[in-house]
Each structure stands twice: as C-alpha cells, then as structure tokens.
Amino acid sequence: MSELDVSKFEKKIEIRQIRHEDIEEILALQKKCFPGMDPWKREHLESHLDIFPEGQFCVELEGEIIGSCSSLMVNFDEYDDQHTWDDITDEGYITNHNPDGYNLYGIEVMVHPDYRRMKIGKRLYDARKDLARELNVKSIIIGGRIPNYHKHADEMKASEYVEEVKFQNIYDPVLTFQLMNGFNVMRINPNYLPDDKASKQFATLMEWNNVEYKAVTRRHFRSSFPVRICAIQYAMKKISSFEEFANQVEYYVDVAADFGSDFAVFPEIFTTQLMSFMDEKIPSKAVRKLTEYTEPYIELFTELAVKYNVNIIGGSHFVLEDEKIYNIAYLFRRDGTIEKQYKIHVTPNERRWWGIHGSDGIEVFDTDCGKIAIQICYDIEFPELGRIATDKGANILFTPFCTDDRQGYLRVRYCAQARAVENQIYTVIAGTIGNLSQVENMDVQYAQSGIFTPSDFAFSRDGIAGECHPNIETVVVGDVDLEILRRQRQSGTVRQLRDRRKDLYEIHYKK
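Worth saying up front: this structure is predicted, and the values here are computed from it rather than measured.

Engineer: How should I be thinking about the overall build of the protein in this particular structure?
Structural biologist: Across its full length, the protein carries 14 helices and 21 strands. Principal axes of the C-alpha set define a box for the protein whose edges measure 85 × 70 × 45 Å. Burial analysis of the protein (511 residues in total) assigns 55% to the buried set. Contacts in the protein between residues at least 24 apart in sequence constitute 71% of all its contacts with a sequence separation of at least 6. Carbon and sulfur atoms make up 49% of the accessible area of the protein, which amounts to about 23,400 Å² in all. Within the protein, one finds 62 positive and 82 negative side-chain charges whose respective centroids are separated by 3 Å.

Written out as structure tokens, the structure is:
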C-alpha cells in the first residue's frame, strides 16, 4: 500500500495582520456579522492600517477571511467613565491611538456566522493577548455588546442581566464568551453604541490584566515631550562651486546642532543657488543641469544628518525621474535613513519656466520625535492634504517654501497657521531670502520663517512658537511639546479632531 497523501485533507487556517487588500472582504464580512448596524467604511479600515497595523488581525481559512478584530492603544484613565464607542475610537478612525498607552483597547471582533463554534473568536482574542504581552501594556479593555439583553429588558435592568449571565443563569453569546476568556466586568456604560439595538445601547466595560506587565518609567504620565526645531531662513546669493554651497549648508546644520535641535529645516528649491555658477541662461535647460547635482546633494545631507545628529528637512530639490522633473523634499534622518515627499500641486510659475510635474502620494514619516509630514510651499494651501496627513498620524507639518513677494509669503504663512488650528498640529515654514540676479526666475525672494502652534491656553501666545525677522539671513529655534499636543486633543478648549462631523462630511483619499 502506498503512503497516504494527507495533504489533500489539510485545511489551512491562519491568523495574521490585516492588509490593505483585505479591506473589501472585511467590509462584506461585517455586513454578514452585524446586519442592521452601521458597518465600517473603507476609510476607517485604511486609517487603522495606517496608524496601528499591528493591532488589526484576521483569520483566514482556505483563502477566505472568516473573522477579524480591530484595536488601538490608549491611556484609559484619560477617558470619561461613561465614554462611548465614538469617544474611544475617534468615531472609528483611531487617530487618538497613543503608541505609549497603558492599555490595548479592543473595538471590534467579528466571526462569519457559518464558522462560529470553531473557536475563531478565541484565536483572535489570543492574538490580542500575545500583542499585549509583546507591547508590555497593563491590560486589554473592551466595550462588549450584550446582544441578548433585548429579550430580557422588560423584566430586568442591564446590571441585573449581566449578573445573571455571570452566574450562567442566562447565556449571552458575547458576554459569556468574554467571561470565559478571562475578562472581568468593570462597569456598564449606557449609550455606548447608538445603533446596537439588541444591546439597548448598553456595553460592558471589561478588562483582561496582563500579569506579565513590567512597569516602564517612560510610560508613566509624561510631563512633556519637547521637540526642538531650527527653521533656517536661507540667503540666496551668488556662489562659485558646489563646495561653497556645501560649506553654507554645513554652517547652518552646525548652528542647529549647537542649539540641540531635533530638526533642521531648509527652504524649498534653495539648491537653485547652484544655478548661479552654471553657464546656462535658459531656465528649462538650467533646471536640467541642476538635476545633475541630485546625488551630491543627497550624499551631502545624509552625511550632515549623521555627523551632527540632527534630522534634516532638506528643503526641496529638482529631480529628474523618467524624463520628468519633480520638486522633491527629502527627510534625512539622523540614523542615516532617507525618505522623500513629492510636491503634489505645481504652481503656474514652476510649470511655465521649468516644466515641473506634480506627483501624488501624501506621506507620513516615522521619526525619533514622532510622526511628521512635509508639504512643499503651494501644497500647504490645500487644506485636504493637511487633514489627510493628520489622520495618518502626523503631529508636525513641515513646509519648505520659496516666494518672491509678500503676497505669496502670506499665502503660505496664513495657510500654515490655519492647518495648525484646524488639525491641532504644529506647523513649520522655512523660506529663502536674498536674490540671485544672475538666475532667471529666481531674482528676488521674500520670507519670514516661523514655527506655529494651535491656538489655545496651553500653547504659545498668538499661536507662534517662534519666528524670524523678515528678509534677513538667520534662523529661528523653538520648542514644541508633543505631550501637550496630545492632551489638548483630548481636553482642549476646542477639539477640532474629535468634533469633526464625520457623519456629515469626509475627505476621501483616492491614493
């Protein structure tokens, strides 16, 4: 008798992190699991994956997703005892996720109706427990439904129903399961999920304690998380070589490092200074010659970021890719790694004189000082970009700019301050001054660089952490505090991030 091939009997089941390509299948699954309740929107799940991908799990059987769960991290003590699901999830977008939080908060678990009683839910809960141990959080907290309560609501209070379930006199498919998985009831919250009619809008706040938790000093309530920023108001003047340019750049990086800066920020297209020694007067040809300095430019800034231990927003530079020229801002981290953000909106002037192409992709970058985004000059004047970057977790928005008159400068400044207020973030603008009389279309510059904050009592007066005097070669150095920012998003005089009417309007990012 030949050896039995057991592979034909195998059924592959896998628990893994959710991926972007799973979103449509999970949306369809939710409609099957929770008929009559408002389902996720695609934007919700995309936000989960952008902000906290480690906390999103699914179970796949033979290529079909049959269960999933979502979560975020919070400091639970900062939330009201009677919080709602919308409060704890920022209406499902989890932009309030705190990577230094004490608690993992589970916001949804679902299992395909055809695959229940296969311990799919337990697998998901176990995955969460493993994650809690890995992240060293104190506990997992959930707001659990009590979907059989509607059958007993006329004869007992929600608290009485929970007690009956605890003593196994009544079976509830959710609460019974959670109790069996080691969760303890903390309290009962009314009006937790408005569309949960089966639970009469009640939820049981439940907690599983991580007995392996080790207290970490930095996780205690942090009094501050200062980030020092040096915005460079760069003088455009004639030079004779790339080495002269490099000397000027290094001087400013050295200044930023001397002040203990975490970020040094250079202006938009300040590398056009290199055109001042090129023997080419036609702008469209001069800009192509400028792109030949892309590699030396990248090598210079990478070396300086590591040498001076400063994260550098390297202004922006014209780069030739696939025979098209793009305006690209680079982030040179002090660990030697590099990121880039393309300018999305091209001005008529850039298009006319240099043939610059716009690109797409709104990036948010991780740094040792939190998540940041870069929006080059004109891009800051489109509020949708700032909103998307904030929703993806950015706390600081850097805007290198280059304007030749006061009107253009004020457009950048006013919009940067508006982005700071409406998104509860910090914004930074750094511009060029001086002139390049030898370079067509770069003859005069106007700037007043600055560091801006939201407008509330906890921040700088007038929402200005620091600003340069206009039109002189200098720097402005200022501190912004990410811990104050986080607290104000929760309890400020106004809370734009939390109070946005996502039931009424939303931005759909097509990328």
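Next comes the rest of the description.
Engineer: How do you make sense of the UniProt feature "domain: CN hydrolase" (unreviewed entry) in the protein when you look at a structure like this?
Structural biologist: Residues given the UniProt feature "domain: CN hydrolase" (unreviewed entry) here are residues 227-482. Overall, residues 227-482 shows 29% helix and 29% strand. The separation of its end C-alpha atoms is 7 Å.

Engineer: Please clarify how helix H2 (residues 42-51) should be interpreted in this entry.
Structural biologist: For an α-helix, 3.6 residues make a turn, and residues three or four places apart therefore share a direction. Most of H2 is tucked away: eight of the 10 residues are buried. Looking at the buried residues of H2, the elements they touch are helix H1 (23-33), strand E3 (64-74), strand E4 (103-111) and helix H11 (383-391).

Engineer: Help me out: how do you make sense of a negative patch on the surface in this one?
Structural biologist: On the surface, Asp404, Asp405, Glu440 and Asp443 cluster together into a patch of negative charge. Among the structural elements, Glu440 can be located in the loop between strand E18 (426-434) and strand E19 (450-452). With a relative accessible area of 44%, Glu440 lands in the partly exposed category.

Engineer: I tried to follow the UniProt feature "domain: N-acetyltransferase" (unreviewed entry) in the protein on my own but got confused; where do I start?
Structural biologist: Mapped onto this numbering, the UniProt entry annotates "domain: N-acetyltransferase" (unreviewed entry) at residues 13-211. Structurally, residues 13-211 is divided into 29% helix and 25% strand, and its ends, taken at the C-alpha atoms, are 29 Å apart.

Engineer: Can you walk me through the sheet that holds strand E2 (residues 57-61) in this structure?
Structural biologist: The pairing of strands in a sheet happens through backbone hydrogen bonds and is either parallel or antiparallel. Strand order in this open sheet of seven strands is E1-E2-E3-E4-E5-E7-E6, and the pairing throughout is mixed. The open sheet terminates on both sides in strands that have one partner only, identified here as strand E1 (13-17) and strand E6 (184-189). On average, each strand axis in the sheet is tilted by 25° relative to the strand beside it, whichever way the strands run. Across the sheet, helix H5 (residues 158-166) lies against E6 and strand E7 (203-209), angled at about 160° from E6, the strand it touches most.

Engineer: Can you walk me through the packing of aromatic side chains in this structure?
Structural biologist: Scanning all chains against the criterion turns up 29 aromatic pairs. Plain terms: the ring middles of Phe245 and Phe270 are 5.6 Å apart, the flat faces sit at 35° to each other, and that makes the pair tilted. With a gap of 25 residues between them, Phe245 in helix H7 (residues 242-258) and Phe270 in the loop between strand E9 (263-265) and helix H8 (283-290) connect regions that are remote in the sequence. On the numbers, 5.9 Å between centres and 80° between planes, the contact of Tyr426 with Phe459 is edge-to-face.

Engineer: Mind showing me how you'd approach empty space enclosed by the protein here?
Structural biologist: Once rolled over the atoms, a probe with the size of a water molecule shows which space is left empty. A full pass over the atoms with the stated rule returns two cavities of 30 Å³ or more. As a volume, the largest cavity reaches approximately 60 Å³. Residue lining of the largest cavity: Met275, Glu280, Lys281, Ile282, Pro283, Ala286, Gln438, Val439 and Glu440, and that is the complete set. Along its surface, the second largest cavity is lined by Gln341, Tyr342, Ile344, Ile362, Ile374, Gln375, Asp379 and Leu385. Split by residue class, the lining of the second largest cavity holds five nonpolar, two polar and one charged.

Engineer: Help me understand the pattern of salt bridges, please; the structure alone is not making it clear to me.
Structural biologist: Pairs can form between side chains of opposite charge whenever their charged atoms are close. Applying the stated criterion across every chain, the model contains 30 salt bridges. Two residues, Glu422 and Arg419, come together in a salt bridge whose shortest N-O distance is 2.5 Å. Note that Glu422 and Arg419 are positioned in helix H12 (residues 406-423) at a spacing of three residues, about one turn of the helix. Here the salt bridges share partners, and the residues they tie into one network are Glu78, Glu483, Arg486 and Arg487.

Engineer: Would you mind going over the domain arrangement of the protein with me for this structure?
Structural biologist: Often, the extent of an interface is quoted as the loss of accessible area on bringing the components together. Examined at the domain level, the protein breaks down into domain 1 (12-209) and domain 2 (227-491). Once you take the C-alpha centre of each, domain 1 and domain 2 turn out to be 42 Å apart. Contact with domain 1, which involves nine residues of that partner, is made by four residues of domain 2. Summing the contributions of domain 1 and of domain 2, the shared interface buries around 580 Å²; its carbon and sulfur component is 41%. Its largest share of buried area at the contact with domain 2, domain 1 owes to Asp50, Glu78 and Thr95, together 55% of the area lost on that side. Counting across the interface, domain 1 meets domain 2 through one salt bridge. Residue Arg486 pairs with Glu78 through a salt bridge whose shortest N-O separation is 2.7 Å. Put simply, domain 1 and domain 2 have two residue pairs in polar contact (both at pLDDT 80 or more) between them. Here the residues of the side of domain 1 that touches domain 2 sort into two nonpolar, five polar and two charged.

Engineer: In this structure, what is going on with the side chain of His83? I would like to understand it.
Structural biologist: Relative to the assigned elements, His83 resides in the loop between E3 and helix H3 (85-89). On the basis of relative accessible area, His83 is assigned to the buried category, the value being 1%. Not counting residues within four places of it along the chain, the set of residues in contact with His83 comprises Phe76, Ile88, Tyr105, Arg187, Asn189, Tyr192 and Leu205.

Engineer: Sorry, what's going on with the side chain of Asn96 here?
Structural biologist: Looking at the element boundaries, Asn96 is found in the loop between H3 and E4. Asn96 gets classed as buried once you look at its relative accessible area, which sits at 14%. Looking at Asn96, its side chain comes within polar contact range of the main-chain oxygen of Ile88, at 3.0 Å. Beyond its immediate chain neighbours, meaning those up to four positions away, Asn96 contacts Leu72, Met73, Val74, Tyr79, Asp87, Ile88, Thr89, Asp90 and Gln490.

Engineer: Can you walk me through the packing of H1 against H2 in this structure?
Structural biologist: To describe two helices that pack against each other, one gives the angle between their axes and the distance between the axes. Interhelical geometry of H1 versus H2 gives an angle of 125° and a closest axis separation of 10 Å. When the axes of H1 and H2 are compared, the pair comes out oblique. Where H1 crosses over H2, the two elements pack in a sense that is right-handed. Facing H1, whose interface residues are Ile23, Glu24, Ile26 and Leu27, H2 presents Arg42, Leu45, Glu46 and Leu49.

Engineer: What should I look at first to understand the environment of Ile325 in this one?
Structural biologist: Mapped onto the elements, Ile325 comes out in strand E12 (residues 324-332). A relative accessible area of 2% means that Ile325 is categorised as buried. Residues Ile325 and Thr291, 34 residues apart in the sequence, show an inter-C-alpha distance of 8.1 Å. Sequence-distant contacts of Ile325, that is, excluding residues within four places in its chain, are made with Val287, Arg288, Thr291, Phe318, Val319, Leu320, Trp354, Gly355, Ile356 and His357.

Criteria and cut-off values
- Numbering of residues begins from 1 in every chain and follows the order in which that chain's sequence is written.
- Under the rules for a predicted model, residues below a pLDDT of 70 receive no local features and side-chain atom pairs below 80 are neither given nor counted, while totals for whole chains, interfaces and linings still include all residues.
- With hydrogens and water excluded, all non-hydrogen atoms of the structure serve as input to the side-chain values.
- Here a helix means four or more residues in a row that DSSP labels H or I, a strand means two or more in a row labelled E, and each is numbered from the N terminus.
- Burial classes: relative accessible area under 20% of the type maximum marks a residue as buried, over 50% as exposed, and values in between as partly exposed (1.4 Å probe, protein chains only).
- In what follows, residue pairs with any heavy atoms lying within 4.5 Å of each other are defined as contacts.
- Computed by Shrake-Rupley with a 1.4 Å probe, the accessible areas treat only the displayed protein chains as cover when residues are assessed.
- A positive count includes Lys and Arg, and a negative count includes Asp and Glu. His and the chain ends are not counted in either.
- In this description, the location of a charge corresponds to atom NZ of lysine, CZ of arginine, CG of aspartate or CD of glutamate.
- UniProt positions are given in the numbering used here, feature names are shortened, and annotations may be inferred rather than shown by experiment.
- Patches in this entry comprise residues that are over 30% relatively accessible and not in a salt bridge; like charges within 9 Å are linked, as are nonpolar side chains (Val, Leu, Ile, Met, Phe, Trp, Tyr) within 5 Å.
- By convention in these notes, a salt bridge is any Lys or Arg side-chain nitrogen within 4 Å of a carboxyl oxygen on Asp or Glu.
- For two strands to count as paired, DSSP must find a minimum of two bridges between them.
- Between N-to-C directions, angles span 0 to 180 degrees; the directions come from axes that are lines fitted to C-alpha atoms, helices contributing only their stretch in contact.
- In summary, the pairing rule links any two rings of Phe, Tyr or Trp, Trp by its six-membered ring, whose centres are within 6.5 Å, and it sorts them by plane angle into stacked for under 30 degrees, edge-to-face for over 60 and tilted for everything else.
- The pocket and cavity definitions rest on a 1 Å grid over protein atoms only: a 1.4 Å probe that fits but cannot leave marks a cavity, an open set with protein on both sides within 12 Å along at least five of seven lines marks a pocket, and residues lining either have an atom within 4 Å of a point.
- Grid points are joined across faces, edges and corners, and a volume is the space filled by probe spheres set on the points.
- In this count, Pro and Cys sit with the nonpolar residues alongside Ala, Val, Leu, Ile, Met, Phe, Trp and Tyr, while Asp, Glu, Lys and Arg are called charged and the others, Gly among them, polar.
- For the domain bounds, the source is a domain assignment made automatically or taken from a database.
- Buried area: the accessible area, evaluated with a 1.4 Å probe, that two parts lose upon being put together, summed over both parts.
- Residues adjacent in sequence count toward polar contacts only when both atoms are side-chain atoms; beyond that, a polar contact is any pair of N or O atoms within 3.5 Å, and within protein one must be able to donate a hydrogen and the other to accept it.
- Angle categories: roughly parallel below 35 degrees, roughly antiparallel above 145, roughly perpendicular from 65 to 115, and oblique for all the rest.
- Note: crossing handedness is left-handed where the near helix turns anticlockwise from the far helix by less than a right angle, and right-handed where it turns clockwise.

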